[in-house]
Every structure is written in C-alpha cells, then in structure tokens.
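# Notes for the structure review
One letter stands for each residue in the lines below.
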Amino acid sequence: MDYFKKKRDASVKRTVAFVIAHPDDECMFFTPTILHYKRMEYNIIVLCISSGNQAGLGRFRSIELVKSCNELGIPGKNVIVIDWPTLQDGMDQHWTAADVASLLEEMTTRYAVDEIVTFDEWGVSGHPNHCDTHRGVIQFLQNYQQARSKNLPHTHRKQVEDQKQNKTAGQMKEIRGYKLETVGIIRKYIGIWDIWVSKLFGAIDGDSYHAKHNNSTDSSSSSHSNSNPTIMYTSTQLFPPCSYDPMKQHQTQLVWFRYLFIFLSRYSYINTLTEIKLN
Ligand SMILES: [Zn+2]
C-alpha cells in the first residue's frame, strides 16, 4: 500500500522556484513559505539572481546560500546562483526585466517549474534589486502566457514536459506566480503578532488553501476566478524563530542588527502572498 502511495506521490511531485535577488533573502524573508512547500513535498528550487558581490564577497555568499538552503531541507543541486555582469548586487544597479525573464525562461524549462514565488512590487525592503526581480518575473509570466495562449512550443519545454509528465506534444502547462506581500514598518516589526493582524485583514490559512487549489480543476479554476485571497503561511516557533538557523549560515552578513531582524521581523513567523494575476 505504502509502496503504491509513494509511487503515485513521486509521479505528481510539483516544483516551485523561489526567485530571490541576494543570498540571505531566502531565509530573511521567505522561510515560512519555504517550510510550507516542504510540508507539501514539493521539489524546491532557489534561483538567486546575483551572488551578492557588492563587497567582493560573492563567492563566499554563494556557499553560504547553499548551506542555508541545506538547513531548510533544500539540496545544493537545487540552488542556482547567477553572476551576470548585467545582474550585479547593488542599490545603484538596475536589472532589466528582459534579462531576468530570459533567465527564468531557461530555468523553468530545465526544472519543469509549476510555481514561482518572489517579491512583490515593493520588495519587502524597497531594495531596487528586489523590485527588479519582481518586474522580471512579471515579464516572464507575460511572455509565457502569450506563448501558451498561442500554444507555441516554448524553447525545449515541450520535450521536457513530454518526458516528465507524459503530456500531449506541444501542450504548455500552467505556471502560477505568487508574490510576497510588503507591509508597513509597524507590522513589519511586530513579529509573531502580525499573524493576528493579517487574519484581521482577511488573510486565509495557506496550507489548506494551497492543497485545495492544487486539487481543483487546474487552470480553469485559477484563471477564471475573480477572487484573489491573501494566503498566509505561518511558523509559531519562537526561540529561536525558524529563520534563525539558516541565517546563521550567512556568516559574512551576521551583524547585530540581523539578529534583531530575525527575532523582531514578522517575516520570521508569517508570510502573506497573493497569486500574480496578469492583465
Ligand atoms: Zn536582498
């Protein structure tokens, strides 16, 4: 019985890609969501668009990212760090949406990605690289949706999916995008209390929403539905918060205020996301 259940689970395992800008974004901001996807037994990919080389530490920071992801249960082979001249870390660096979108096209094909999780328009902290990451994801999703609506083969996706999912040749599957909500400064630093504040604002439990969403009739339910609820993933682990151990792996970034951030930030206890709906 268990054997057949495992076989079935393996055959339907979905893949989520976390698209972040710098090593440490994954644990400073996304830990409750990553833990949710672990519970849902997804194959988790982390795509980090820069190596965080502003201070010349990119090589070390890339290694730290792998260690942090290992703490979160993500194997090193699923961690991809990009180091393009046009996509370097820095407040004064502008990343074009086209560059980020082309990266995503390559990665979603290679890993047969079903869902993407990234920053929203304001990038949690307002860092320009976070905001540009969001814009690149939007660009990719728009390109992908256009190709899909014309049912065009998208690079090598057709072959990859045919092999992995035994689908009809030429059919492009749905890719859903989710963005992490940026909140105001007060809510940002009230830690675990923001779970109740978010509930007051109507956020719904993410685990049950996501399970139900995946079991519903796929594209028809998500693309034609007008409702776009705020989905909430939580961790009530207090001492230390769930993002503490992965953050400790980022030795080059561990200054005192990072510890403060980990304990006080709501992003250590709660993530709220909405699905990205294209016009
Ligand atoms: Zn960052």
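Conventions adopted
- Residues numbered from 1 in each chain as written.
- Predicted model: local features only at pLDDT ≥ 70, side-chain atom pairs only at ≥ 80, totals over all residues.
- Helix = DSSP H or I, 4+ residues; strand = E, 2+ residues; numbered from the N terminus.
- Buried ≥ 20, exposed ≤ 12 C-beta atoms within 10 Å, placed from the backbone.
- Contact = placed C-beta atoms within 7 Å.
- Pairing = 2+ DSSP bridges.
- Axes fitted to C-alpha atoms, helices over the stretch in contact; angles between N-to-C directions.

Another point: the overall build of the protein chain. In terms of regular secondary structure, the protein chain is built from 13 helices and 8 strands. Residues counted as buried form 37% of the 279 residues belonging to the protein chain. Counting only contacts in the protein chain whose residues sit at least 6 apart along the sequence, the fraction spanning at least 24 positions is 81%.

Now for the sheet that holds strand E2 (residues 43-48). Strands sit in the order E3-E2-E1-E4-E5-E8-E7-E6 across an open sheet of 8 strands; the sheet is mixed. In the strand order of this sheet, the two ends are held by strand E3 (79-81) and strand E6 (204-205), each with one partner. Where strand E5 (residues 176-180) meets strand E8 (residues 270-275), 3 bridges bridge the pair, whose relative direction is antiparallel. When the bridges of E8 are listed, Leu180 appears paired with Leu273. The strands that helix H5 (residues 97-111) touches are strand E1 (15-20), E2 and E3; relative to E1, the one it contacts most, it runs at about 155°.

Looking at the element boundaries, Phe29 is found in helix H2 (residues 25-29). Residues Phe29 and Ser125, 96 residues apart in the sequence, show an inter-C-alpha distance of 9.9 Å.

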